[in-house]
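Inside the fold
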Amino acid sequence: MKTLKFLGLGVVFLLILSAATTQAARIWIEARVPQDGTRIDVGGTRLHVLDRGEGPIIVLIHGLMGQMRNFAPELIDALSKDHRVILVDRPGSGYSDPLPAGANGIASQADLIASLIEQMELEKPTVVGHSLGGAVAISLALDHPNSVGSLALIAPATRPRSEANSTFGPLAIEPAPLRRAISLTFGTPFGLAIFERSAAALFAPEPLPADFATAGGGLLSLRPENYIAGSNDIKSLRDALADLPTRYGQLEMPVGVLFGSDDQVVDKNWNGIWLKSQLANATYAEIEGGHMIPFSSPQLVADWIAAVANRAHSKTAN
């Protein structure tokens, strides 16, 4: 009995120590990656939004386990010279509140961003979606076509695959209560220990930029609430991609698709070239690089986004 008692006390002590370490790590992380924008209440959910520049409007939506800094500062500087650029942390990511449990799917996230567009009176913006953010952008365009002028999709996830990408394997730990327990105790310290290796897999075959943890917002993904949101996003994406491809024919606005030629996270043929083949109003382009080209090739990506936005703006003006 004494052995069991000491074992139980040891487990409790270990959990308390892990939780305290997680809280300390959260404070350390947020000091290095503070908020860049303003938290705006949208229907009871506070979204972290950054508003830069003037001109035709561009809304940028980041991908899985990301936040607005995944779009490099140089990219935002380049776009905001001639455009009004709106960056938003998706619900549950970065400094945005999560949606309620059971209402946090891809379509619900798109609905909330549509409400943000309406609330900010952003008329027919070009909506940029990177990776999973591409699925959110597509859902937004399908369910709220009057809120979107054109789509600029960067390495978008567009249709389901039977096998999951191993890069995001830890997000799929089952059962869900175990996943949550890990996130609230060991997840952040362990994530810090393996951060560089995990982040490098997103950029491969390109090298991991030395400043991605802070300038790219990478560290924020290690906070417990972001890990939990990422796990929900994985399931939500799987559910959404079972339905979205059947509706792509309804996309009537201009669509641009861009991939890094060596993307090792999202298959360019399966997701990008295939999508182009489904849409008469779509263009497809590649640049050298991997999955994280919005951070690794900011000027090239900014030029491409601006071209998509300007084509749509010119068409609307005429």
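Each value, and the rule that gives it
- Residues numbered from 1 in each chain as written.
- Predicted model: local features only at pLDDT ≥ 70, side-chain atom pairs only at ≥ 80, totals over all residues.
- Heavy atoms only, no water.
- Phe/Tyr/Trp six-rings, centres within 6.5 Å; stacked < 30°, edge-to-face > 60°.
- Lys NZ or Arg CZ within 6 Å of the ring centre and 35° of its normal.
- Buried < 20%, exposed > 50% of the residue type's maximum accessible area, 1.4 Å probe, protein only.
- Helix = DSSP H or I, 4+ residues; strand = E, 2+ residues; numbered from the N terminus.
- Pairing = 2+ DSSP bridges.
- Axes fitted to C-alpha atoms, helices over the stretch in contact; angles between N-to-C directions.
- Parallel < 35°, antiparallel > 145°, perpendicular 65-115°, else oblique.
- Left-handed = near helix turned anticlockwise from the far one by under 90°.
- Contact = heavy atoms within 4.5 Å.
- Nonpolar A, V, L, I, M, F, W, Y, C, P; charged D, E, K, R; others polar.
- Core = buried A, V, L, I, M, F, W, Y, C linked by side-chain atoms within 4.5 Å.
- Polar contact = N/O pair within 3.5 Å; in protein donor to acceptor, adjacent residues only side chain to side chain.

Description of the packing of aromatic side chains
The full count for this structure, using the stated rule, is 5 aromatic pairs. Clustering of aromatic rings is evident, with ring pairs tying together Phe203, Phe212 and Phe295. Positioned above the aromatic ring of Tyr95, the side-chain terminus of Arg223 is 4.8 Å from the ring centre.

Some remarks on the pairing of strand β4 (residues 84-88)
Look at any regular strand and the pattern is simple: side chains alternate between the two faces of the sheet. Most of β4 is tucked away: 4 of the 5 residues are buried. In terms of strand pairing, strand β2 (residues 45-52) meets β4 through 4 bridges, oriented antiparallel. Along β4, the bridge assignment pairs Leu50 with Leu87. Sheet topology places strand β3 (residues 57-61) next to β4; 5 bridges connect them, and they run parallel. By the bridge assignment, Val59 is partnered in β4 with Ile86.

A closer look at unusual backbone geometry
The peptide bond linking Ala204 to Pro205 adopts the cis configuration, its omega dihedral lying at 5°. Within the secondary structure layout, Pro205 lies in the loop between α7 (195-203) and α8 (224-241). If you check the backbone angles, Met65 has positive phi at about 60° while not being a glycine.

Focus on the packing of helix α3 (residues 106-119) against helix α4 (residues 132-143)
Between α3 and α4, the shortest axis-to-axis distance is 8 Å and the interhelical angle comes to 65°. Here α4 runs roughly perpendicular to α3, going by the angle between their axes. By crossing handedness, the relation of α3 to α4 is classed as right-handed. Along its contact with α3, which presents Ile106, Ala107, Gln109, Ala110, Asp111, Ile113, Ala114 and Ile117, the element α4 presents Leu132, Ala135, Val136, Ser139, Leu140 and Asp143. In terms of residue class, the contact of α3 with α4 is built from 10 nonpolar, 2 polar and 2 charged.

Quick notes on the nonpolar core
If you look at the biggest cluster of nonpolar residues, it comprises 64 residues, and the most contacted ones within it are Val127, Leu140, Leu151, Tyr248 and Leu251. Of the residues forming this core, the biggest block, 8 residues, is contributed by α4. Excluding residues that lie within four positions of it along the chain, Leu251 makes contacts with Ile138, Ala141, Leu142, Leu151, Leu279 and Asn281. Counting residues in hydrophobic clusters, the runner-up holds 23 residues, among them Leu60, Val85, Leu87 and Val301.

A closer look at helix α9 (residues 268-278)
When α9 is considered as a whole, its buried residues turn out to be Asn271, Gly272, Trp274 and Leu275. Those residues of α9 that are buried lie in contact with β6 (150-154), β7 (255-260) and β8 (282-287). Measuring from the backbone nitrogen of Asn269 back to the side-chain oxygen at the start of α9 gives 2.8 Å, which picks out Asp267 as the cap.

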